[in-house]
Amino acid sequence: MQLSQGCCSENAKNRNFQWDDFYPARENFLRDIEKQQLFVGVIEIRIAIVYAVNKESEEDYQNGNWEYTGCEYRVIHRLCVNPAYQHQGIAAETLAHIEEELHKSNIKAVRLDVYSLNSATQSLYFGSGYKKVGFVDWEKGRFYLLEKLL
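First, a word on scope: everything that follows refers to the structure included in this document. Values in this document were obtained by computation on a predicted structure and should not be read as measured data.

With mixed pairing, six strands are arranged side by side in an open sheet as S1-S2-S3-S4-S6-S5. The two strands at the open ends of the sheet, each matched to only one other strand, are strand S1 (38-43) and strand S5 (131-138). The average angle at which neighbouring strand axes cross in this sheet is 25°, direction not considered. In this structure, S5 lies alongside strand S6 (residues 141-149), joined through seven bridges in antiparallel fashion. When the sheet's bridge partners are listed, glycine 134 is paired in S6 with leucine 145. Taken strand by strand, helix H3 (residues 90-104) contacts S1, strand S2 (46-54), strand S3 (73-81), strand S4 (109-115) and S6, and its axis lies near 40° from that of S2.

Here's what the structure looks like:
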């Protein structure tokens, strides 16, 4: 939760209010842990990055014009880099690691959403080959739905 709160504060400096005191909530992380879907990357003894991977998605994901509907896919949620490690390529390295592990497990596609005002994260995903397949308007604003074939 400290990492998440640090990301909220850092994002707010850039006028990105995607995360707040309500999301992601402690319950989101506890559920991810319980289902063994939460992963962390550690540098020295500090958590540098956290994320969840599963097949769950919001009902609004149905708005996506998903290209790879006939194959196994997973969804990345709550990817967050510790502010102390931001701008060091950790997110890109982690994304490549996630994709490699999914590919080894015969998962063929990855889906996710990204906040329309979060240009840094959009650059990460678009630069990594993700394609926009739709959008969803949630309480915080517009989120783009993205997909990549592995």
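There is more to say, and it comes next.
What follows is about the pairing of S6. Judged from the seven bridges that link them, S4 and S6 form a sheet pairing that is antiparallel. Residue tyrosine 115 lies in a different strand from S6, and its bridge partner there is phenylalanine 143. The turn linking S5 back onto S6 is made up of two residues.

A separate point is the environment of isoleucine 76. Counting through the fold element by element, isoleucine 76 comes out in strand S3. Exposure remark for isoleucine 76: the relative accessible area of 5% places this residue in the buried category. For the pair formed by isoleucine 76 and leucine 112, sequence separation is 36 residues and the distance between their alpha carbons is 5.4 Å. Beyond its immediate chain neighbours, meaning those up to four positions away, isoleucine 76 contacts Ala52, Val53, Leu95, Ile98, Val110, Arg111, Leu112 and Tyr130.

To continue, consider the packing of aromatic side chains. How two aromatic rings sit relative to each other is given by the distance of their centres and the angle of their planes. Inspection of every chain in the model, using the stated rule, returns five aromatic pairs. Their ring planes at 20° and their centres at 5.4 Å tell us that phenylalanine 39 and tyrosine 51 sit as a pair that is stacked. One end of the pair, phenylalanine 39, is in strand S1; the other, tyrosine 51, is in strand S2, with 12 residues separating them in the sequence. Residue classification places phenylalanine 39 among the partly exposed residues on the basis of a relative accessible area of 35%. Look at tyrosine 51 and you get buried, because its relative accessible area is 7%. For the ring pair tryptophan 138 and phenylalanine 143, a centre distance of 5.1 Å and an interplane angle of 55° mean the geometry is tilted. Positioned above the aromatic ring of tyrosine 73 is the side chain of arginine 111, whose terminal nitrogen or guanidinium carbon lies 3.8 Å from the ring centre.

Glancing now at the pattern of salt bridges. Under the criterion given, the structure shown has nine salt bridges. Of the charged contacts, one joins lysine 35 and glutamate 56 as a salt bridge, the two residues approaching to 2.8 Å between their closest N and O atoms. In this pair, lysine 35 is assigned in the loop between helix H2 (26-34) and S1 and glutamate 56 in the loop between S2 and S3, connecting sequence segments 21 residues apart. A salt bridge links glutamate 72 to lysine 55; the shortest N-O distance between them is 3.4 Å. In this pair, glutamate 72 is assigned in the loop between S2 and S3 and lysine 55 in the loop between S2 and S3, connecting sequence segments 17 residues apart. For lysine 55, a relative accessible area of 39% gives the class partly exposed. Among the ionic contacts, a cluster of salt bridges with common partners joins Lys55, Glu72 and Arg74.

Quick notes on the rules
Numbers given to residues run from 1 along each chain, matching the order in which its sequence is written. Note on the predicted model: pLDDT of at least 70 is required for a residue's local features to be given, and 80 or more for side-chain atom pairs to be given and counted; whole-chain, interface and lining totals, by contrast, use all residues. For the side-chain quantities, the full set of heavy atoms in the structure was used; hydrogens and water were omitted. Note on pairing: two strands pair once DSSP finds at least 2 bridges between them. Where helices and strands are cited, they refer to DSSP runs of H or I of at least four residues and of E of at least two residues respectively, numbered from the N terminus. Axis definition: a line fitted to C-alpha atoms, limited for helices to the stretch in contact. Angles are taken between N-to-C directions and run from 0 to 180 degrees. By definition in these notes, contact holds between two residues if any of their heavy atoms fall within 4.5 Å. The rule is simple: take the accessible area with a 1.4 Å probe, protein chains only, and divide by the maximum for that residue type; under 20% is buried, over 50% is exposed, in between is partly exposed. Each aromatic pair joins two rings of Phe, Tyr and Trp (for Trp, the six-membered one) with centres within 6.5 Å, and gets the label stacked for planes under 30 degrees apart, edge-to-face for over 60, and tilted for any other angle. Here, a charge over a ring is recorded when the distance from Lys NZ or Arg CZ to the ring centre is within 6 Å and its angle to the ring normal is within 35 degrees. Think of a salt bridge as a Lys or Arg side-chain nitrogen and an Asp or Glu carboxyl oxygen that are within 4 Å of each other.

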